[in-house]
Every structure is written in structure tokens, then in C-alpha cells.
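# Coordinate inspection notes
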Amino acid sequence: MARSAPKPLGELALIEQISRTFSSAGAARNKAVALGIGDDCAILRPPPGHEILVTTDFSLENRHFRRDLHPPASVGHRCLARGLSDLAAMGAAPLAAFLSLALPAKILRTRRGQRWVQDFLAGFHSLARQHNTPLAGGDTSESPADLILADIILIGSAPRGRSLRRSDAHPDDALYVTGSLGGAHAELSALLKRTHRSRSTASDSHPHLYPQPRLAVGSVLLRRHLATAAIDLSDGLSTDLTHLCESSGLRAEIDSSALPLHSLTAKLSRQDALHAAVHGGEDYELLFAAPTAMRIPRKIADVPITRIGTLHPPRAGKPLITLHHGGDISSELKPAGWQHFSS
Ligand SMILES: Nc1ncnc2c1ncn2[C@@H]1O[C@H](COP(=O)(O)OP(=O)(O)O)[C@@H](O)[C@H]1O
Ligand SMILES: Cc1ncc(C[n+]2csc(CCOP(=O)(O)OP(=O)(O)O)c2C)c(N)n1
Ligand SMILES: [Mg+2]
């Protein structure tokens, strides 16, 4: 017998559900939020001596996730992780998140659709709790198409004038990455070959479905004055290192054998594994520069740190990024990571 359709959720009921999820016992709290969901604006009070950092990123169905392949909890987790990773790259601590959500009307009329929304919020909420990031507001709208569209805004803070920028690396600084590379690309490629949704959960190791924003590492880099510059790896090392080099007016030399390849790339050929590590996006690891004389621990906040190369002053005839393959063999590494509008 067909089950009766559930009571459709309207805008106010949905906001009520979101508000309840994010104010429950055990929900993320932050002293900086003087007023959260429920009024025309939220009110934030950053810690004294700190300045505010703001970042925003879309999570769009069929661009950043597929409803038929990504578990809804992963979509929620990734939506927040994208913003938290930008804060991590600058050494900032999150104060609050704002979520703007456009949902197809259809989704709120079926039990399955309502469960999708509930699981999306649960995935978001679980990562928010881990990183003390309350949801302090947002916007809810009916999507004009049959597509789920989300935008996340993250507000963070850092001691005034101390945030890590892309532009402050020095000539002869060493380059480091956190964690491992290529795992997100390898997992996404495998996912795109499937015809049904993954059942993976955040408790397994899933670099694409559940990336871990490196907030603790970013905070140590800033607090202990270890890094001169940093960026997070969202579009891929080749593209994001190009940003860091261009912003700092430097060129880079990278040792391909030093790149820490994620274990998920082990099934690939050496060439495909390297391609995933260098051009695959969404690893959400940090790339940072530090003076060669600075002693950088092998692990920071339990995350392995690997030296992958060195920065140099620009020189006529030398490419912006040189990839060394051992012996005298080297090649130019051009930015070939993710770029919207290019395919
Ligand atoms: N539509 C836009 N309007 C204004 N600034 C934008 C827009 N899109 C991107 N930016 C800015 O351009 C810079 C680079 O953006 P992006 O590549 O998306 O950074 P990230 O990889 O850190 O998310 C950021 O400072 C971002 O705020
Ligand atoms: C369905 C699907 N196809 C392809 C991708 C791969 N992908 C989408 S966006 C992106 C790069 C990062 O996203 P972007 O919007 O550029 O984030 P930003 O650099 O602004 O943080 C990648 C690798 C994906 N996540 N999902
Ligand atoms: Mg962006």
C-alpha cells in the first residue's frame, strides 16, 4: 500500500527545523554570537584585538555534488568544509556560519526529500560542532529549477594584522603541504563511475566526501609564527600554487617524488596518481611557505606535514613552477586545476 504523502514543509517550518537543529543541546556555541537565527541580522562580537575574516562559496547541484551520488550528509559536510578551509588557510578561527539555501518545492513534498534535507543539515551540523561554528543565520528560498543551490558564508577572526596571506612568501622559503594529495580526485572519479549513491559516512576516511578542514594546523602556523604565506588547495596544487607564486611575486621548484600521494591513488598508474595530486581539486589541504631555517614539525595537530619544494625570485626564461622528476629531468607545471566555465 502506498504511504500517504507527508505534510509539505513550508518556508517557516523549514527555518524552524534548521533553527531547532542548530540550537539543540550539544550544538556548536560561540561567545562571539550575541544574537543568532531569528532577527533581521545576527549580531557578532569578535574577541578584543581581533579582526574579522569573511569568505563565501557556492555548493551547487551538478557542479559541486550530485544528488544521485553524494550522500546528503556529505553535501552538508562539504558545504561547510569549503568555507572552514578558507579560514584555516588564513590561520583564522571560525565565529559563525550563514547558510543560504534554495530548494526545489518538490523536495519538501516527499518523505524522501524531507529526509534529504534532514540528513544534509545533520552532516553540516556534525562538522559545525567539531569546529565550534554556530549557524547564526541564512536565507531560504524556493529554487527556480529542480536544483539544490547552497551558499555558505563563514565569519572568522584572527589577531589584528596577523592573518596568513597568499602574498607574503619570501624568496628561498620552503613550501609545505598538510596531509596527502590526490585522494579527493581519486574518490570523486570512482564515484562518478557509479550509478547509485555512496553509503559512506564521515567516520570512514573519505577525502572527497568528507574532507577535514585544517583549522588546527592553520591556527598553529599563525600562533607560532611558522608560516609566511598560505593558501588552501581547493582547485588543485598547480592552480593554487600559481596563485601563491603570482601573489608573492615568486616562482616555485617542486620535487615530484616528495609529493605525499593519498593511499586512494595507489590503484592508479604513477602518471594518473601524479595528475590527481597536482591538478585534482578539493583536497582542502593547506599549502604554506616558511623560511628554510624554520624548524617545521613533521606533524602539526596530528596532521603530517611534507616539504615539497622551494620558492625563488623570478628569473627570465624560468617557468613560474618547475616540477623536478629526478636526475636532470624537469618540466614546467602549468595551472591545470579546476576552473569554472572551462569545460
Ligand atoms: N562574484 C565575485 N564578486 C566579488 N569577488 C569575488 C567573486 N568571486 C570571487 N571573488 C573573489 O575572488 C577571490 C578568488 O576567489 P576564489 O578563487 O573563489 O577563492 P577561493 O578558492 O579561496 O574560494 C576571492 O577574494 C573572492 O572573494
Ligand atoms: C558533480 C561534481 N563534479 C565535479 C566536481 C569537482 N569540482 C567541482 S568544483 C571543484 C573545485 C573547487 O570548487 P570552486 O567552486 O572552484 O571552489 P573555490 O576554489 O572557490 O573554493 C572541483 C574539483 C565535483 N565536486 N562534483
Ligand atoms: Mg571561491
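Residues numbered from 1 in each chain as written. Chains lettered and ligands numbered in written order. Predicted model: local features only at pLDDT ≥ 70, side-chain atom pairs only at ≥ 80, totals over all residues. Heavy atoms only, no water.

Attention now goes to the UniProt feature "domain: PurM-like N-terminal" (unreviewed entry) in the protein chain. Under the UniProt annotation, "domain: PurM-like N-terminal" (unreviewed entry) lies at residues 38–156. Split by type, residues 38–156 is 32% helix and 34% strand. Its first and last C-alpha atoms lie 21 Å apart. (UniProt positions renumbered as here; feature names shortened; annotations may be inferred. Helix = DSSP H or I, 4+ residues; strand = E, 2+ residues; numbered from the N terminus.)

This brings us to the side chain of Arg251. Examined against the element boundaries, Arg251 turns out to sit in strand β9 (residues 251–255). Since its relative accessible area comes to 5%, Arg251 is described here as buried. Among the polar contacts listed, one links the side chain of Arg251 to the backbone oxygen of Pro313, at a separation of 3.2 Å. With sequence-adjacent residues up to four places away left out, Arg251 is seen in contact with Cys245, Thr310, Leu311, His312, Pro313, Pro314, Arg315, Lys318, Pro319 and Leu320. (Buried < 20%, exposed > 50% of the residue type's maximum accessible area, 1.4 Å probe, protein only. Polar contact = N/O pair within 3.5 Å; in protein donor to acceptor, adjacent residues only side chain to side chain. Contact = heavy atoms within 4.5 Å.)

Every buried residue of helix α7 (residues 270–279) is accounted for by Ala273, Leu274, Ala276, Ala277, Val278 and His279. Lining the buried residues of α7 we find α4 (183–192) and α6 (237–248).

Our focus in this paragraph is the site of ligand 2. The environment of ligand 2 is made up of 15 residues, and the closest members are His64, Ser234, Asp235, Glu282 and His340. Within the backbone of Arg63, one N or O atom sits 3.4 Å away from a nitrogen atom of ligand 2. Between ligand 2 and His64 there is a distance of 2.9 Å, counted from an oxygen atom to a side-chain nitrogen or oxygen. Surface burial for ligand 2 is 85%, taken as the share of its 600 Å² of free accessible area covered by protein chains. When residues of the shell around ligand 2 are assigned to domains, at least three map to each of domain 1 (11–159) and domain 2 (174–332). (Near = heavy atom within 4 Å. Areas by Shrake-Rupley, 256 points an atom, 1.4 Å probe, with all protein chains shown as cover. Domains from an automatic or database assignment.)

This part covers the environment of Leu99. Its location among the elements puts Leu99 in strand β4 (residues 93–103). Judged by relative accessible area, which is 5%, Leu99 ranks as buried.

Next up on the list: the side chain of Arg78. Secondary-structure assignment places Arg78 in helix α2 (residues 72–89). In this structure the side chain of Arg78 is engaged in a polar contact, spanning 2.8 Å, whose partner is the backbone oxygen of His208. Excluding anything up to four places from it in sequence, Arg78 contacts His64, His70, His208, Leu209, Pro211 and Glu282.

A word on unusual backbone geometry. Positive phi outside glycine occurs at Asp172, with the angle close to 75°. Within the secondary structure, Asp172 sits in the loop between β6 (149–159) and β7 (174–178). Unusually for a residue other than glycine, Asp302 sits at a positive phi of about 75°. As for its placement among the helices and strands, Asp302 is situated in the loop between β11 (299–300) and β12 (303–312). Residue classification places Asp302 among the exposed residues on the basis of a relative accessible area of 64%.

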